[in-house]
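A look at the structure
Listed here are the chains, written in short residue letters.
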Amino acid sequence: APGRSQASSHRSPQGEGASVSAAPGRPQASSHRSPQGKGASVSAAPGRSQASSHRSPQGEGASVKSAPGLAWNHVPLAAVAAVPWRNGGGVTRELLAWPNAHDWVCRISVAEVAASGPFSAYPGVQRWFAVLSGEGVVLDVAGQVHRLDAASAPLRFAGDAPTACALLAGATRDFNLMLRTGQAHGTLRRVQGALAQDVVQCVNKSKIIAIYSESTGADVHFDHENLQLPPQTLAWAVVPRTGVLRITSGAALWLEVGLEREVCA
């Protein structure tokens, strides 16, 4: 954000003044930089080049094997350090900062919110918010009131809109997607059952698809490729071609992020 003094410091999704700093010792770049930024270590299927290996944003994470095609980055929530907010209202785990943590265009995180309070302002950012667990929240976004729980559709709103969060009955776990306006656009959808989605390849531009499973895990298919995703895990990949994504899960989120001014086949 303009005026930020240290690029490795992030404001928390909730709580004014609740800064979130990168975990100590976080690498500036992996030994094998991908065009997508940092992800978890991936073991390639036979015949896949070593270029499919990535480091996680926090420098740790489980390895995963996937069929040839998509190089899935696998980020378990438990492998990411929880960073407390300065105001004591919660903690945040950053699952992805793309293309890097210093000047991200796309940021994905999961927050555990223990107390009601205002959201930090993010001028020039489009936000998506979804409740993962707990009784839910009431968000007041510039005077518009939204009651959200773990069955509600994700809410999109401007990052600079005055926003207050009130817990309905105790702590919640929430999913946050942030996209720089004019540099990225995206979609976040909840999956409860089955979802089939056409994914269009974009020429000379990167497009990221991701699935976050909460309590039940997820069965993911991209054309003829299969991925079994454990609970509380983010899997993301760059789309190398046009295809059909199918997800089956009792509780998951699907997102797609592309760059502005992209040319799609």
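This report concerns the structure included in the present document. Please read all numbers here as calculations on a predicted model, not as lab measurements.

1. Here's the deal with the environment of W254
- Tracing the chain through its elements places W254 in strand β20 (residues 243-259).
- Relative accessible area serves as the criterion here: at 2%, W254 is assigned to the buried category.
- Considering only alpha carbons, one finds W254 and W236, 18 residues apart in sequence, at a separation of 9.8 Å.
- Other than its neighbours up to four places away in sequence, W254 contacts T187, L188, R189, V191, L195, Q197, A210, I211, L245 and I247.

2. Quick notes on the sheet that holds strand β10 (residues 144-148)
- Spatial ordering of the open sheet is given by β7-β12-β9-β10, a layout of four strands whose pairing is antiparallel. Lying at the two open borders of the sheet, with one neighbouring strand each, are β7 (117-118) and β10.
- With five bridges connecting them, strand β9 (residues 137-141) and strand β12 (residues 163-167) associate as antiparallel partners. Counterpart to V141 in the pairing with β12 is T163.

3. Some thoughts on the packing of aromatic side chains
- All told, the structure shown has three aromatic pairs when counted by the stated rule.
- Ring centres 6.3 Å apart and planes at 45° place the aromatic pair F119 and F157 in the tilted group. Remark: F157 occurs in strand β11 (residues 155-158) and F119 occurs in the loop between β7 and β8 (125-133); sequence separation between them is 38 residues.
- The exposure class assigned to F119 is buried, which follows from its relative accessible area of 6%.
- Where F175 meets Y212, the ring centres are 5.6 Å apart and the plane angle is 45°; that geometry is what we call tilted. Of this pair, F175 sits in strand β13 (residues 172-180) while Y212 sits in strand β16 (residues 207-213), and the two are 37 residues apart along the sequence.

Rules used in this analysis
- Residues numbered from 1 in each chain as written.
- Predicted model: local features only at pLDDT ≥ 70, side-chain atom pairs only at ≥ 80, totals over all residues.
- Heavy atoms only, no water.
- Helix = DSSP H or I, 4+ residues; strand = E, 2+ residues; numbered from the N terminus.
- Buried < 20%, exposed > 50% of the residue type's maximum accessible area, 1.4 Å probe, protein only.
- Contact = heavy atoms within 4.5 Å.
- Pairing = 2+ DSSP bridges.
- Phe/Tyr/Trp six-rings, centres within 6.5 Å; stacked < 30°, edge-to-face > 60°.

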